[in-house]
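What follows is the residue order along each chain.
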Amino acid sequence: VQLQASGGGLVQAGGSLKLSCAASVRTFRNLVMGWFRQAPGKEREFVGAISRRGGRTDYSDSVEGRFSISRDDAKNMVYLQMNSLKSEDTAVYYCAATYWATWGTPEVRDYDYWGQGTQVTVSS
């Protein structure tokens, strides 16, 4: 499984950005997909996840109500729509995948495949 995240950039506080993650795998529909982020000097943290077939999404408290995750199994894509961005959202964002979770798990160790990351910078 290869994952390629894109869509990062520089945005003003209060703005929006949409990240994309493309998966190179035939069995994308069987993957639970997650988004994580890592700010300088901090540990990688859970942002959100989406279950197989998109029936369930889970989010961290820090992004609940501002971010949303969706997936398009026909295109092997997962998206992270980020609204009302804050300076504290500045980080490198990673998409991740696993076959083995029932639905989205917030634990880094539970994901087997990772994309290369895309930088999101929110200016205040």
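All figures in this text were calculated on a predicted structure; none of them were measured in a lab. (Residues numbered from 1 in each chain as written. Predicted model: local features only at pLDDT ≥ 70, side-chain atom pairs only at ≥ 80, totals over all residues. Heavy atoms only, no water.)

Visitor: Would you mind going over the state of the cysteines with me for this structure?
Guide: Counted under the stated rule, the structure contains one disulfide. Linked covalently through their sulfurs, Cys21 and Cys95 form a disulfide whose S-S length is 2.1 Å. Linking Cys21 and Cys95, the disulfide has an S-S dihedral of approximately 65° and is accordingly described as right-handed. In this pair, Cys21 sits in strand β3 (residues 17–24) while Cys95 sits in strand β9 (residues 91–98), placing the two residues 74 residues apart along the sequence. (Disulfide = S-S within 2.5 Å. Helix = DSSP H or I, 4+ residues; strand = E, 2+ residues; numbered from the N terminus.)

Visitor: Is there a simple way to explain the environment of Ala97 in this structure?
Guide: Mapped onto the elements, Ala97 comes out in strand β9. Accessibility expressed as a relative area gives 0% for Ala97, which makes it buried. The spatial distance from the C-alpha of Ala97 to the C-alpha of Ala22 is 11 Å, given a sequence separation of 75 residues. If sequence neighbours within four positions are ignored, Ala97 has contacts with Leu3, Leu31, Val32, Met33, Tyr111, Asp112 and Tyr113. (Buried < 20%, exposed > 50% of the residue type's maximum accessible area, 1.4 Å probe, protein only. Contact = heavy atoms within 4.5 Å.)

Visitor: I would appreciate a short explanation of the packing of aromatic side chains in the present structure.
Guide: The geometry of two aromatic rings is summed up by the distance between their centres and the angle between their planes. A complete count under the given rule lists six aromatic pairs for this structure. Ring geometry for Phe36 and Tyr111: centres 5.1 Å apart, planes at 75°, overall edge-to-face. With Phe36 in strand β4 (residues 32–38) and Tyr111 in the loop between β9 and β10 (113–114), the pair connects residues that are 75 residues apart, well separated along the chain. Looking at Phe36, the relative accessible area reads 0%, which means it is buried. Ring centres of Tyr94 and Trp114 lie 6.5 Å apart, and the angle between their planes is 75°; this geometry places the pair in the edge-to-face category. You can see Tyr94 sitting in strand β9 and its partner Trp114 sitting in strand β10, a full 20 residues away along the chain. Among the aromatic residues, those joined into a cluster by ring pairs are Phe36, Phe46, Tyr94, Tyr111 and Trp114. Seen from the ring of Tyr79, Lys18 lies directly overhead, with NZ or CZ sitting 4.6 Å from the centre. Its end group placed over the ring of Phe28, Arg71 keeps NZ or CZ at 4.7 Å from the ring centre. (Phe/Tyr/Trp six-rings, centres within 6.5 Å; stacked < 30°, edge-to-face > 60°. Lys NZ or Arg CZ within 6 Å of the ring centre and 35° of its normal.)

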